[in-house]
Structure formats: C-alpha cells, structure tokens
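# Geometric and topological summary
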Amino acid sequence: MIEHVSAQTFHARRGRLKNAFRYGVDYILTDMTLGAPPLLSRNRFNLFSVQDRRHGGPRGCGRGILWFREELERRGFPLEGAQLLLLTQPSFLWFHFNPVSFWIAVRDGSPRAFIAEVNNTFGHRHCYFAAHPDFGPIRHSDVIEAEKLMHVSPFQQVAGRYRFNFGMTDQAFNIRISYTNGTEGVLATLEGARRPVTSGGLLRAALRRPFGAARVVALIYWQALKLWIKRAPFLRKPPPPKPLISDSSTFSGGGA
C-alpha cells in the first residue's frame, strides 16, 4: 500500500515577533512493503526513496516498521488486524530531511495511535506517542497534549507544550500542531489529499518542487534568516532528550 499526499504546510509564529509562511510539500503514505512505481524505491537509491534506516529508532540507525510495532506492543496496543503506516517526505536523490514524520496505527479505517517523529536541523530526534487509553478512534476534534522536550528552533525555548489535532480520512490528512510557551508559540498545519502513487505524479512533484528535501532545508534556513534580521533571540542548542520517545501527557476531546 503506497499513496502520494501532495500537501500544503503552514507555519505561523506567535508572540512578540510575527512570521508566517506557506509552501507545498510531497509526502508518501506507505506500509513499508514493495509494489511502488519505478521512480520510488524502498531501501535503495532512486529519484524518490523511503529508507528503513531513516525512520523508527535513533536518527540514522532506524529499524523501520519493526520499531513502531515494538512500541505499540510495549503499550498494549492490539496489533491483530491493524494496519501500520508511515507518513513521510521521501528522500529525493541523495537528499533527505524530515521535520516531522508520522507512524500511524489504523483499525477499521480510523487512526488509533500515532507517533510524531520529530527531527531538527542539528541532527537530533525525539518521538511523541499519542493514543486514547482504550485505543479508540482519534478524531480531528480530539486534542492531544505533550510536553516539548527537544530543541527544534533556535528561536524557541525547550519549554511549553504541544497540542496535536490529527485528522485522517480515506480521502485526506488534516494535521494541526500548536506549540505554546506563555505568550510565545508556533502554529503548524499539514493538509493534503490522498491519491494513488504513480510515476507521473512523482515526476510532476519533482518538476514542481525540485531538490525535494534540500529545498525543505533551504526554506527552513531562509525563515531563520528572516527571524534573525527581526532580532529574534538566538538560543544555543541543548543536548537531545533521553529517552527517544515520550507519551502524550493528556488526551481529551474538544475543539481544535
């Protein structure tokens, strides 16, 4: 099972200094099996590729979907009949960088648990696990809260909380991540339709958004330069958090 999600992401900084931007991104939704079109490969070089070693575990030393399965088992998730998926930006030629990927456990067409796999540009990773206590369906109106534990932006402290709203249907994704720390914070969204992956669609994505992950890194540094020009305080990076994964601290139904 492999799908192409041509999405839009929006970021808006809150607080004393304002900054906002929107750009297109291409994600792949996959169960990490074979059967991809010629321009997309698993664990080998191609125009686009998804590499097990880049996901599921420490950065650069991942174990792919086996790691996700073990984390679910450790928390008592009923794996029988569940579909395990990865939503991620694929590598483009030699370039790879993912600010956030999502491991998703689906049952009866609904997401029941997910792990937000967050990476920063300093080589660090932290993962946030989210699920209802009874592993019931996760709806977009549900609010999942987690303590921020990893340095992501040099302009934001390692403090405050994330609020996730995770929307997944058979047709589309609608994901909202709100970070707040007092009067400061960031709102990030990811929205896109799910479509069968085709070589034509991938080729159009390469022409529409050339350089793939390298483009993502360039856009991150461009926004950082704009904040630096605005005299946003620049913070030194702390060491990455331990352990690698943390659970959501609260989970409640409510408005987004």
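Thresholds applied
Residues numbered from 1 in each chain as written. Predicted model: local features only at pLDDT ≥ 70, side-chain atom pairs only at ≥ 80, totals over all residues. Heavy atoms only, no water. Buried < 20%, exposed > 50% of the residue type's maximum accessible area, 1.4 Å probe, protein only. Helix = DSSP H or I, 4+ residues; strand = E, 2+ residues; numbered from the N terminus. Arc of directions from axis to C-beta. Contact = heavy atoms within 4.5 Å. Phe/Tyr/Trp six-rings, centres within 6.5 Å; stacked < 30°, edge-to-face > 60°. Salt bridge = Lys/Arg side-chain N within 4 Å of Asp/Glu carboxyl O. Pairing = 2+ DSSP bridges.

### What about helix H2 (residues 199-208)?
Those residues of H2 not exposed but buried are Gly201, Leu202, Ala205 and Ala206. On an axial view of H2, the arc spanned by its buried residues comes to 140°, and they lie on one face. Exposed side of H2, more than 90 degrees from the buried face: Arg204 and Leu207 are the residues found there. Tucked into the core, H2 has its buried residues touching strand E1 (2-14), strand E2 (19-30), strand E3 (40-42), strand E4 (48-50) and strand E6 (91-92).

### Re the packing of aromatic side chains
Between two aromatic rings, the relevant description is the distance of the centres plus the angle of the planes. In the structure shown here, the tally under the stated rule is 13 aromatic pairs. Measuring from centroid to centroid gives 5.6 Å for Tyr162 and Tyr179, while their planes differ by 50°, and the two rings are tilted. Residue Tyr162 is found in strand E11 (residues 161-168), and its partner Tyr179 is found in strand E12 (residues 172-181); the two are separated by 17 residues along the sequence. By relative accessible area, Tyr179 is classed as buried at 4%. When the ring of Phe166 is compared with that of Phe173, the centres are 6.4 Å apart and the planes differ by 75°; the resulting orientation is edge-to-face. Each member of the pair, Phe166 together with Phe173, is buried. A connected cluster of aromatic rings, assembled from ring pairs, spans Phe102, Phe114, Tyr128, Tyr162, Phe164, Phe166, Phe173 and Tyr179.

### Considerations on the pattern of salt bridges
This structure, assessed with the given rule, holds twelve salt bridges. For Arg194, the salt bridge goes to Glu3, with nearest N and O atoms at 2.6 Å. With a gap of 191 residues between them, Arg194 in strand E13 (residues 184-196) and Glu3 in strand E1 connect regions that are remote in the sequence. For Glu3, a relative accessible area of 17% corresponds to the buried category. Among the ionic pairs, Glu71 bridges to Arg74, the shortest N-O distance being 2.8 Å. Taken together, the residues span about one helical turn, with Glu71 and Arg74 both in helix H1 (residues 65-74) at a distance of three residues. Three or more residues are tied together by salt bridges with common partners; here these are Glu71, Arg74, Arg75 and Asp247.

### Here's the deal with the pairing of strand E7 (residues 100-107)
When you tally the buried positions in E7, you get eight out of eight residues, the bulk of the element. The alternating pattern of E7 places Val100, Phe102, Ile104 and Val106 and Ser101, Trp103, Ala105 and Arg107 on opposite faces, both of which are buried. Of the pairings in the sheet, the one linking strand E5 (residues 83-88) to E7 comprises five bridges and is antiparallel in character. Looking at the pairing, Leu86 lines up with Trp103 of E7. With eight bridges connecting them, E7 and strand E8 (residues 110-119) associate as antiparallel partners. Paired with Ser101 across the two strands is Glu117, which belongs to E8. With antiparallel pairing between neighbouring strands as the criterion, E7 and E8 make up a hairpin whose turn holds two residues, including Asp108 at a positive phi of roughly 55°.

### Description of unusual backbone geometry
The omega torsion of the bond from Lys242 to Pro243 falls at 0°, within 30 degrees of zero and hence cis. Notably, Leu93 is not glycine yet its phi reads approximately 50°, a positive angle. Inspection of the secondary structure puts Leu93 in the loop between E6 and E7. You can call Leu93 partly exposed: its relative accessible area is 28%. In this model, Asp108 sits at a positive phi of 55°, which is unusual for a non-glycine residue.

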